[in-house]
Amino acid sequence: MTYRVIVLGLQRGPTPGNGADVLPRPDALPGEHSSWQHRVGDLHVEVRGSGAPLLVIHGNSGNLRFFDRNVPLLAEHRRVVAMDCRGQGRSARGTGPLTLSRMADDAARVIRALGAGTDAAPERFDVLGFSDGANVAILLAVRHPQLVRSLVLASGNLGVSGLRFGVRWGLRMLHLAAILTPGPARRRKLELLRLMLDSPGIGMRDLRRISAPTLVLAGQHDVIRRGHTRMLASSIPHARLLIVRGGSHTVLRDQAESVTPLVVDFLTS
């Protein structure tokens, strides 16, 4: 298995699907690509642009607005489907456990609902995931490989050991504070923190089973350990590795004008 390392600076060298309710997004600006809101079961989804479909999945405690600087650039080349993960943003939590595997199954439902294929021959999506969203994307590729055309994994990790020591310590302190803090928001805080502290359930065998072309992306100063990111890239067959010079954990958003075109280049290569 091989992978390629690219280090760069700031310079760069809708139709409703099966059972999905659809409404125009009220804040779409004149001159923008058409943008639509959907409900797929409990999930809030927005779609913008046209062309081959790209599903984007945000990180822990976030929402689809994380990609606001990326979507206009991506939508010039793709039909971008942005989802709020279960229990976050405008998506309902529902009943039962809140897990990354369940969110991966949610993503599969979104693809089947909004894709142009059939149940027997579903349309495959490119998938871009950030942080916990990258872990959801991996689980989607493992659990539903027939739905994934390619993967872009931005700052993902296979467990808390993949985080820098100070970040791990900080998360554990936040978890302890949430346990000791009464109030109606306590359960939600604990659930979301546990998603970062507990193993997402991805093993080396799962990574080796991924057949979709994959780009692993992280910032030079990411909260994910550099060695962990390299291990992730080397464990997925033929994955490419992109480390963005000067970038933080949110480099995908912070350097959107520089990084997004490279993502597009990968998706079209």
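Everything discussed here concerns the structure shown above.
In this report, we go over the structure that sits alongside the text. Nothing here was measured: the structure is a model prediction, and the numbers come from that model.

**Here's the deal with the packing of aromatic side chains**
And then number 1: Enumeration over the complete set of coordinates arrives at 2 aromatic pairs.
And then number 2: Ring geometry for Phe66 and Phe67: centres 5.2 Å apart, planes at 90°, overall edge-to-face. When sorted by exposure, Phe66 lands in the same class as Phe67, which is buried.
And then number 3: Ring geometry for Phe66 versus Phe130: centroids 4.2 Å apart, planes at 10°, classification stacked. One end of the pair, Phe66, is in the loop between β5 (53–57) and α1 (71–74); the other, Phe130, is in strand β7 (residues 125–130), and 64 residues separate them in sequence. We note that Phe66, like Phe130, is buried.
And then number 4: Grouped by ring-pair contacts, the aromatic residues Phe66, Phe67 and Phe130 constitute a single cluster.

**Some remarks on the pattern of salt bridges**
And then number 1: All chains considered together, the criterion is met by 15 salt bridges.
And then number 2: A salt bridge links Asp105 to Arg143; the nearest nitrogen and oxygen atoms lie 2.9 Å apart. Here Asp105, found in helix α2 (residues 100–114), pairs with Arg143, found in helix α3 (residues 132–143); they are 38 residues apart in sequence, far enough to count as distant.
And then number 3: Of the residues examined, Asp105 reaches a relative accessible area of 26% and is grouped as partly exposed.

**Details of a nonpolar patch on the surface**
And then number 1: Together, Phe165, Trp169, Met173, Leu176, Ile179 and Leu180 make up an exposed nonpolar region whose accessible area comes to about 660 Å².
And then number 2: Take Leu180: it is sitting in helix α4 (residues 165–180).
And then number 3: When its relative accessible area of 63% is taken as the criterion, Leu180 is described as exposed.

**Here we look at the packing of α2 against α3**
And then number 1: Two elements in contact, α2 and α3, have axes whose closest approach is 8 Å; the angle formed by their N-to-C orientations is 70°. Judged by the inter-axis angle, α2 sits roughly perpendicular to α3. Once α2 is placed against α3, the crossing between them reads as right-handed. Across from Leu100, Ser101, Met103, Ala104, Asp105, Ala107, Ala108 and Ile111 in α2, the residues of α3 making contact are Asp132, Asn135, Val136, Leu139, Leu140 and Arg143.
And then number 2: Looking at side-chain class alone, the contact of α2 with α3 contains 9 nonpolar, 2 polar and 3 charged residues.

Quick notes on the rules
Residue numbers restart at each chain and count upward from 1, following the sequence in its written direction. Owing to the predicted nature of the model, reporting of local features is limited to residues with pLDDT of at least 70; listing and counting of side-chain atom pairs is limited to 80 or more, with chain, interface and lining totals taken over all residues. Side-chain numbers come from the whole structure's heavy atoms, not from hydrogens or water. For Phe, Tyr and Trp, rings pair up if their centres lie within 6.5 Å, where Trp contributes its six-membered ring, and each pair is then called stacked (planes under 30 degrees apart), edge-to-face (over 60) or tilted (otherwise). Relative accessibility decides the category of a residue: with a 1.4 Å probe and only protein chains considered, values under 20% of the type maximum give buried, values over 50% give exposed, and everything between is partly exposed. A run of H or I in DSSP becomes a helix once it reaches four residues, and a run of E becomes a strand once it reaches two; helices and strands are each numbered from the N terminus. For this document, the term salt bridge refers to a Lys or Arg side-chain nitrogen within 4 Å of an Asp or Glu carboxyl oxygen. Residues with no salt bridge and a relative accessible area higher than 30% make up the patches, which join like charges within 9 Å and nonpolar side chains (Val, Leu, Ile, Met, Phe, Trp, Tyr) within 5 Å. Note on areas: Shrake-Rupley, 1.4 Å probe, and residue coverage restricted to the protein chains presented here. Every axis in this analysis is a line fitted to C-alpha atoms, fitted for helices over the stretch in contact. Angles between the N-to-C directions lie between 0 and 180 degrees. Note that the term roughly parallel is reserved for angles under 35 degrees, roughly antiparallel for angles over 145, roughly perpendicular for angles of 65 to 115, and oblique for everything else. By definition, any crossing whose near helix is turned counterclockwise from its far helix by less than a right angle is left-handed, and any crossing with a clockwise turn is right-handed. Residues are treated as being in contact if the distance between any of their heavy atoms lies within 4.5 Å. We call Asp, Glu, Lys and Arg charged. Ala, Val, Leu, Ile, Met, Phe, Trp, Tyr, Cys and Pro are nonpolar, and the rest, Gly among them, are polar.

These results come straight from atomic positions and should not be treated as a statement about function.
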